[in-house]
Amino acid sequence: MNKESKAFVRLADLKTEKFSHGKSYESDDAGIADALGLTKIGAAYTVVPPGKTACPFHVHHGEDEMFIVLSGAGEYRFGETKHHVKAGDVLGAPIGGPEYAHQLWNTGQEPLVYIAISSKADIDVCEYPDTGKFAVMSGRGKPRRHGSSWFTYNGRHQNSLSYFDGDKDV
């Protein structure tokens, strides 16, 4: 074990950080994996208030994700399907294309509380099918939520350049 590793953490003792953006996005989050000193697995404790979601509809190309609903109720949009979920449900979001895009909304009257677990990739590409955006992110060990990593680029597919764009033929 490295000197930052712990044998366990108690969820009630984790210090959450509040996140919000616009009218739809709001959550309180705490890094479980970070608190345990884990480097290959990502895990976060997330609390989403009624009527909100923690992130846009998206799919990862470098990380699998799994969500364990601890309390509350919500709607899990997965590809073209919507699933009603509640405490005790486990949700999967494999690496892939638009058919694996996902988003979890709190549709209940109380906070939706879940643990998000992911494989921790050095490099990830995330697509956002609703908006045509994508993000390229790198930097293991750095918090990447909402664009903070060693390298992040957000763009749209229609603005793609050719491989040799701007290169001089010498």
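Our subject is the structure listed above.
Read on for a plain summary of the structure. Values in this document were obtained by computation on a predicted structure and should not be read as measured data.

Scoring rules and cut-offs
- Residue numbering note: each chain is counted from 1, following its sequence as written.
- Only residues with pLDDT of at least 70 are given local features in this predicted model, and only at 80 or more are side-chain atom pairs given and counted; all residues enter the totals for whole chains, interfaces and linings.
- The side-chain numbers reported here are obtained from all heavy atoms of the structure, hydrogens and water having been left aside.
- Patch membership requires over 30% relative accessible area and the absence of a salt bridge. Like charges are linked within 9 Å, and nonpolar side chains (Val, Leu, Ile, Met, Phe, Trp, Tyr) within 5 Å.
- We get accessible surface area from the Shrake-Rupley algorithm with a probe of 1.4 Å; when it comes to residues, only the shown protein chains can shield them.
- Put simply, a salt bridge is a Lys or Arg side-chain nitrogen that is within 4 Å of an Asp or Glu carboxyl oxygen.
- Helix numbers and strand numbers start at the N terminus; a helix is a DSSP run of H or I with at least 4 residues, a strand a run of E with at least 2.
- Between any two strands, at least two bridges found by DSSP are needed for them to pair.
- As used here, the term nonpolar core means buried Ala, Val, Leu, Ile, Met, Phe, Trp, Tyr and Cys residues forming a set that is joined through side-chain atoms within 4.5 Å.
- Between buried and exposed lies partly exposed: a residue is buried under 20% and exposed over 50% of the maximum accessible area for its type, with that area taken using a 1.4 Å probe on protein chains only.
- By the convention used here, residues are in contact when the closest approach between their heavy atoms is within 4.5 Å.
- Comment: axis = line fitted to C-alpha atoms, over the contacting stretch for helices; angle = value between 0 and 180 degrees taken between N-to-C directions.

Quick look at a nonpolar patch on the surface
Logical step 1: Together, Trp150, Phe151 and Tyr153 give the surface a local cluster of nonpolar side chains, amounting to about 400 Å² of exposed area.
Logical step 2: Among the secondary structure elements, Phe151 is positioned in strand S13 (residues 151-156).

Re the pairing of strand S1 (residues 17-21)
Consecutive side chains of a regular strand alternate in pointing toward one face of the sheet and then the other.
Logical step 1: Relative to strand S2 (residues 25-31), S1 runs antiparallel, the two sharing 5 bridges. Residue pairing across strands places Lys18 opposite Asp28, the latter belonging to S2.
Logical step 2: The hairpin formed by S1 and S2 contains 3 residues between the paired strands, and Gly22 there has a positive phi angle of roughly 60°.

Remarks on the nonpolar core
Logical step 1: Residues Phe67, Tyr76, Val85, Leu91, Leu104, Leu112 and Tyr114 are the most contacted members of the largest nonpolar core, which totals 13 residues.
Logical step 2: The set of elements that each furnish at least two residues to this core consists of strand S5 (65-71), strand S6 (73-78), strand S8 (90-93) and strand S10 (112-119).
Logical step 3: Setting aside its immediate chain neighbours within four residues, Leu91 contacts Glu65, Met66, Phe67, Val69, Tyr76, Val85 and Leu104.
Logical step 4: Within the second largest apolar cluster, 11 residues are counted, among which are Ala30, Ala35, Val113 and Ile115.

Side note on the sheet that holds S10
Whether parallel or antiparallel, the strands of a sheet pair through hydrogen bonds between backbone atoms.
Logical step 1: The strand order across the open sheet built from 6 strands is S1-S2-S3-S10-S5-S8, with neighbouring strands paired in antiparallel fashion. Both edges of this open sheet fall to S1 and S8, since each of them pairs with a single strand only. Looking at each pair of strands side by side, their axes are set apart by 25° on average, direction ignored.
Logical step 2: One ladder, built from 8 bridges, connects strand S3 (residues 41-48) with S10; its direction is antiparallel. Within S10, the position partnered with Thr46 by the bridge is Tyr114.

Some remarks on the pattern of salt bridges
Logical step 1: With the rule as written, the count across this model stands at 4 salt bridges.
Logical step 2: Among the ionic pairs, Asp34 bridges to Lys120, the shortest N-O distance being 3.8 Å. Of this pair, Asp34 sits in helix H1 (residues 32-36) while Lys120 sits in the loop between S10 and strand S11 (123-128); the two residues are 86 residues apart in sequence, bridging distant segments of the chain.
Logical step 3: Between Asp130 and Arg77 there is a salt bridge; the shortest N-O distance is 2.8 Å. Taken as a pair, Asp130 in the loop between S11 and strand S12 (133-138) and Arg77 in strand S6 lie far apart in primary sequence, 53 residues in all.
Logical step 4: Salt bridges linked by common partners bring Lys18, Glu26 and Asp28 together as one network.

Geometric values such as these leave the question of function open.
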